[in-house]
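Chains, contacts and geometry: an overview
Listed here are the chains, written in short residue letters.
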Amino acid sequence: MRIDKMLSNLGFGSRKEVKKLLKDGAVQVNQKVIKDSGHHVDSEKDAVTVHGEEVLYREFIYLMMNKPPGVISATEDSRDQTVIDLLELEDSVLEPFPVGRLDKDTEGLLLITNDGQLAHKLLSPKKHVPKTYFAVIDGEVTEEDVHAFKKGVVLDDGYETKPGDLNILKSGIRSDIELTITEGKFHQVKRMFQAVGKRVVYLQRLSMGPLALDESLELGEYRELTEEELEALMKYEV
Ligand code: URA
């Protein structure tokens, strides 16, 4: 790859700005100053530094965020802050996007990557990747609801859902539940409860396929996936 393209992709500025960096002698490849913008580097083997700082190039980025409420799962929005706005520049320059959508008021696990192939695999309706949510429900969740969800419920638009695995953690005027579903229809969890006459008042995603929310992440915080998490996602077949 051309050195100017690599540095520009990494957020060191436009091609023109990068050209100036090179001209100024700020860039070294394998300890030799390189001034030619067209110089080719092997991002795997060559040691590149800018102002003496080592530059690591990589194509893909995989982040786990604990999505806070009030933020949109999109790359851009004219009104609201997006999850991408919460990233450090060094991460956002790689142009990652959220894998699937959580509602503005939903919290919890969100995978953010620029690996389109992985995103496609996880989102494909054919794959039925299980997603587990914790929710607080206004109303008493009963065994009848568990059976109804196991059979599949009919949503407001007439769609009959695939079976959902409902686990009641606490039942009362307000109930705590966990629900695992294998689809991702718009507002699906909220609409499934609506179908049995109840309302979701808090929703948090706990897991997606083999990936579980790291509970040590505060709302709005994120981290890179560990090697184990990434390997589990790559190997994952539903
Ligand atoms: N189901 C919902 O209703 N909302 C979400 O954000 C995710 C699943």
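Above this text you will find the structure in question.
Figured I'd write up the structure that's included with this text. (Residues numbered from 1 in each chain as written. Predicted model: local features only at pLDDT ≥ 70, side-chain atom pairs only at ≥ 80, totals over all residues. Heavy atoms only, no water.)

Here we come to the layout of surface pockets. Roughly 670 Å³ of volume is contained in the largest pocket. The wall of the largest pocket is formed by 31 residues, among which Arg 101, Glu 183, Gly 184, Lys 185 and Phe 186 lie closest to the centre. For the lining of the largest pocket, the secondary-structure elements that each account for two or more residues are α4 (116-123), β8 (131-138), α6 (188-195) and β11 (199-208). Among the elements that make up the lining of the largest pocket, the one with the highest residue count is β11 (3 residues). Considering only residue class, the lining of the largest pocket consists of 14 nonpolar, 9 polar and 8 charged. Each of domain 2 (62-124 + 216-235) and domain 3 (131-208) accounts for three or more of the residues forming the lining of the largest pocket. Of the volumes computed, that of the second largest pocket is approximately 240 Å³. Lining the second largest pocket, in full, are Leu 10, Phe 12, Glu 54, Val 55, Leu 56, Arg 58, Glu 90, Asp 91, Leu 94 and Glu 224. Within the residue set of the lining of the second largest pocket, elements represented by two or more residues are β4 (53-55) and α3 (89-92). Split into classes, the residues belonging to the lining of the second largest pocket amount to 5 nonpolar, no polar and 5 charged. Structurally, the lining of the second largest pocket is a two-domain feature, drawing no fewer than three residues from each of domain 1 (3-55) and domain 2 (62-124 + 216-235). (1 Å grid on protein atoms, 1.4 Å probe; cavity = no way out; pocket = protein on both sides within 12 Å on 5 of 7 lines; lining within 4 Å. Points joined across faces, edges and corners; volume = space filled by probe spheres on them. Helix = DSSP H or I, 4+ residues; strand = E, 2+ residues; numbered from the N terminus. Nonpolar A, V, L, I, M, F, W, Y, C, P; charged D, E, K, R; others polar. Domains from an automatic or database assignment.)

It is worth spelling out the site of the ligand at this point. Residues in contact with the ligand, as listed here, are Leu 102, Asp 103, Thr 106, Tyr 133, His 187, Gln 188, Val 189, Lys 190 and Leu 203. In the model, an oxygen atom of the ligand is placed 2.7 Å from a nitrogen or oxygen of the Asp 103 main chain. At 3.1 Å from an oxygen atom of the ligand is found a main-chain nitrogen or oxygen belonging to Lys 190. Within the complex, the protein chains bury 96% of what would otherwise be the 240 Å² of accessible surface of the ligand. For the shell around the ligand, the leading source of residues is α6, giving 3 residues. Looking at the shell around the ligand residue by residue, the classes come out as 4 nonpolar, 3 polar and 2 charged. Three or more residues apiece are contributed to the shell around the ligand by two domains, here domain 2 (62-124 + 216-235) and domain 3 (131-208). (Near = heavy atom within 4 Å. Polar contact = N/O pair within 3.5 Å; in protein donor to acceptor, adjacent residues only side chain to side chain. Areas by Shrake-Rupley, 256 points an atom, 1.4 Å probe, with all protein chains shown as cover.)

Purely spatial values, then, with no claim about function.
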